[in-house]
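Overview (structure and organization)
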Amino acid sequence: MLTAVNGAMHKRVPGTLSVQAVAGGVVVEPVEGNMVRFGRNREAVDVCVGLDDDQVSRQHGLLVRRRGTWWLSNTGRGPIELPNAQWLRPGEEPIPLSAGYTTVFVLGSRGRDHLVEFYVAGSDGTPPPSRHRSVTRGPQVWPLRPKERLVLVALGQRYLLNEPSPQPLTRAQVAELLDALQPEAKWTEKRVERVIGTVRERLSAAGVHGLLRTEVGEPVGNTLSDNLLKELVRSTTLCPEDLDLLEPAEPDGAEGSVLRFPDQQQ
C-alpha cells in the first residue's frame with residue numbers, strides 16, 4: 001500500500017519506506033513485493049522527479065521489497081549518484097537500502113541534479129525527532145597539524161580558489177612551492193606524500209570513505225587526493241583564508257604575494 005507523504009513522519013512499522021522528492025512523496029509498507037517507481041512521467045510513476053527535465057527518464061528508478069530488504073534499481077538511461085561518491089548505472093545490479101536516510105541524485109540536463117530521499121524505518125520504527133529549536137551543529141572539522149595544513153593547502157589551492165572542476169597539484173608541484181616558501185625545510189616529493197598519506201589514513205580510520213585504494217579501484221589517478229580535498233573543504237577544515245599560508249613573509253612588513261604554481265599566477 002502506498003500513502004502520500006503528508007507532514008511530519010510518525011512512528012511506523014519497522015522497514016516502512018518513505019520516498020520524498022521536490023514534487024511530493026509516498027510511504028510504503030514493508031510487504032514482500034511492494035514497489036515504488038520514480039521518474040519524470042507523473043502519470044506512470046509513484047514519485048515524480050525532474051518533471052520538466054527530459055534528461056531524466058520517464059521511469060528512472062525502482063524500489064522493490066524482497067527478502068526483508070528494499071532494493072534500489074536504475075531503470076533509466078542515466079546514472080544515479082549515491083552517497084560516498086558511488087554511482088548506480090543503468091542495468092547494474094540493484095543495491096540494498098539500510099535503515100535510516102539515503103539521499104541520491106538523478107542527474108539531469110544543464111547541470112541540474114534532482115534529489116530523491118529514502119527513509120527506511122529502523123527496528124523500533126521511530127523516525128528522527130524534529131529539531132526546530134536545537135542549536136545548529138557545524139560540520140566535522142578535522143584537526144590538522146601545522147605542517148599538514150600547509151601541505152594540504154598547497155595541494156588543494158585550486159579547490160580553495162573555487163576553480164571549476166579543480167584538480168590537486170602533483171606532489172612535485174607541491175614540493176616545489178613549499179621549497180620556495182621554506183628553503184630550510186628541504187621539502188621533497190616523498191616528504192609531501194608521507195604527510196598526505198598520514199592524513200588520509202587518519203580520516204579513513206575515522207570513517208571517511210574513498211581515501212583508500214581498495215575503496216576506489218584502479219586506476220586510482222588523482223581520486224584519493226580529490227576525495228581527501230573535497231572532504232576537507234566540505235567540512236570547512238580548509239578555508240580560502242588558509243591560502244595566506246602560501247604568502248611569503250616580508251621582512252620589512254610589506255605585503256607579499258601568494259606562491260602558486262606557474263599556471264596559477266595572477
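Details of the structure are given in the entry above.
Residue positions are counted from 1 within each chain, in the order its sequence is given. pLDDT decides what is reported in this predicted model: residues at 70 or higher carry local features, side-chain atom pairs at 80 or more are listed and counted, and totals for whole chains, interfaces and linings draw on all residues regardless. Side-chain numbers come from the whole structure's heavy atoms, not from hydrogens or water.

Topic: the side chain of Asn-74
Secondary structure elements follow DSSP: runs of H or I of four or more residues count as helices, runs of E of two or more count as strands, with numbering from the N terminus. When you line up the elements, Asn-74 lands in strand β7 (residues 69-74). Between N or O atoms, a polar contact is any pair within 3.5 Å; within protein, one atom must be a potential hydrogen donor and the other a potential acceptor, and residues adjacent in sequence are included only when both atoms are from side chains. In terms of polar contacts, Asn-74 uses its side chain to reach the backbone amide nitrogen of Gly-76, at 2.9 Å. A distance of 2.8 Å separates a polar atom in the side chain of Asn-74 from the backbone oxygen of Leu-88. Apart from the residues lying within four places of it in its own chain, the contact partners of Asn-74 are His-60, Pro-79, Ile-80, Leu-88, Arg-89, Pro-90 and Gly-91. Residues are treated as being in contact if the distance between any of their heavy atoms lies within 4.5 Å.

A closer look at helix α6 (residues 223-234)
Along an α-helix, a turn takes 3.6 residues, which lines up residues three or four apart on a common side. Given the number of residues in a helix, its expected span is that number minus one, multiplied by 1.5 Å. Here α6 contains 12 residues, and its C-alpha end-to-end distance of 16 Å stays within 8% of the 16 Å for a straight helix at 1.5 Å per residue. Here α6 has its buried residues at Leu-224, Ser-225, Asp-226, Asn-227, Leu-228, Leu-229, Glu-231 and Leu-232. At its buried positions, α6 is contacted by α1 (146-155), α2 (157-160), α3 (171-181), α4 (189-205) and α5 (213-216). Following α6 by one or two positions, Thr-236 has its phi on the positive side, about 65 degrees. Under the scheme applied here, a residue whose accessible area is under 20% of the maximum for its type counts as buried, over 50% as exposed, and between as partly exposed, the area being computed with a 1.4 Å probe on protein chains only.

Topic: the layout of surface pockets
A 1.4 Å probe that fits into a set of points on a 1 Å grid over the protein atoms alone but cannot get out defines a cavity; an open set with protein on both sides within 12 Å along at least five of seven lines defines a pocket, and lining residues are those with an atom within 4 Å of a point. Grid points are joined across faces, edges and corners, and a volume is the space filled by probe spheres set on the points. Computed from the structure, the largest pocket encloses a volume of approximately 280 Å³. If you go around the largest pocket, the residues you meet are Asn-84, Ala-85, Val-208, His-209, Asn-227, Lys-230, Glu-231 and Arg-234. Polar here means any residue outside two lists: the nonpolar Ala, Val, Leu, Ile, Met, Phe, Trp, Tyr, Cys and Pro, and the charged Asp, Glu, Lys and Arg; Gly therefore counts as polar. Split by residue class, the lining of the largest pocket holds 2 nonpolar, 3 polar and 3 charged. By volume, the second largest pocket amounts to about 220 Å³. Where the lining of the second largest pocket is concerned, the elements lending two or more residues are β9 (86-88), α5 and α6.

Observations regarding the pattern of salt bridges
We define a salt bridge as a contact between a side-chain nitrogen of Lys or Arg and a carboxyl oxygen of Asp or Glu at a distance within 4 Å. For the structure on display, the rule yields 10 salt bridges. Among the ionic pairs, Glu-218 bridges to Arg-213, the shortest N-O distance being 3.1 Å. We note a salt bridge from Arg-234 to Glu-231, for which the minimum N-O separation is 3.0 Å. Taken together, the residues Arg-234 and Glu-231, both in helix α6 and 3 residues apart, mark about one turn of the helix. Judged by relative accessible area, Arg-234 falls into the exposed class, the value being 52%. One salt-bridge network, in which partners are shared between bridges, spans Arg-145, Glu-148 and Arg-202.

Some remarks on α4
Helix length check: α4, at 17 residues, gives a terminal C-alpha distance of 24 Å against a target of 24 Å (1.5 Å per residue), a fit within 8%. Where α4 is concerned, the buried positions are Val-192, Val-195, Ile-196, Gly-197, Val-199, Arg-200, Leu-203 and Ser-204. Tucked inside the fold, the buried residues of α4 contact α1, α3, α5 and α6.

Things to note about the pairing of strand β2 (residues 17-21)
Counting buried positions along β2 gives 4 out of 5 residues, so the element sits mostly inside the fold. We call two strands paired when DSSP finds no fewer than two bridges between them. Counting the residues that bridge the hairpin from β2 to strand β3 (residues 24-28) gives 2 residues. Where β2 and strand β12 (residues 113-120) come together, 5 bridges link them in antiparallel fashion. Each bridged residue has a counterpart across the sheet, and for Gln-20 the counterpart in β12 is Glu-117.

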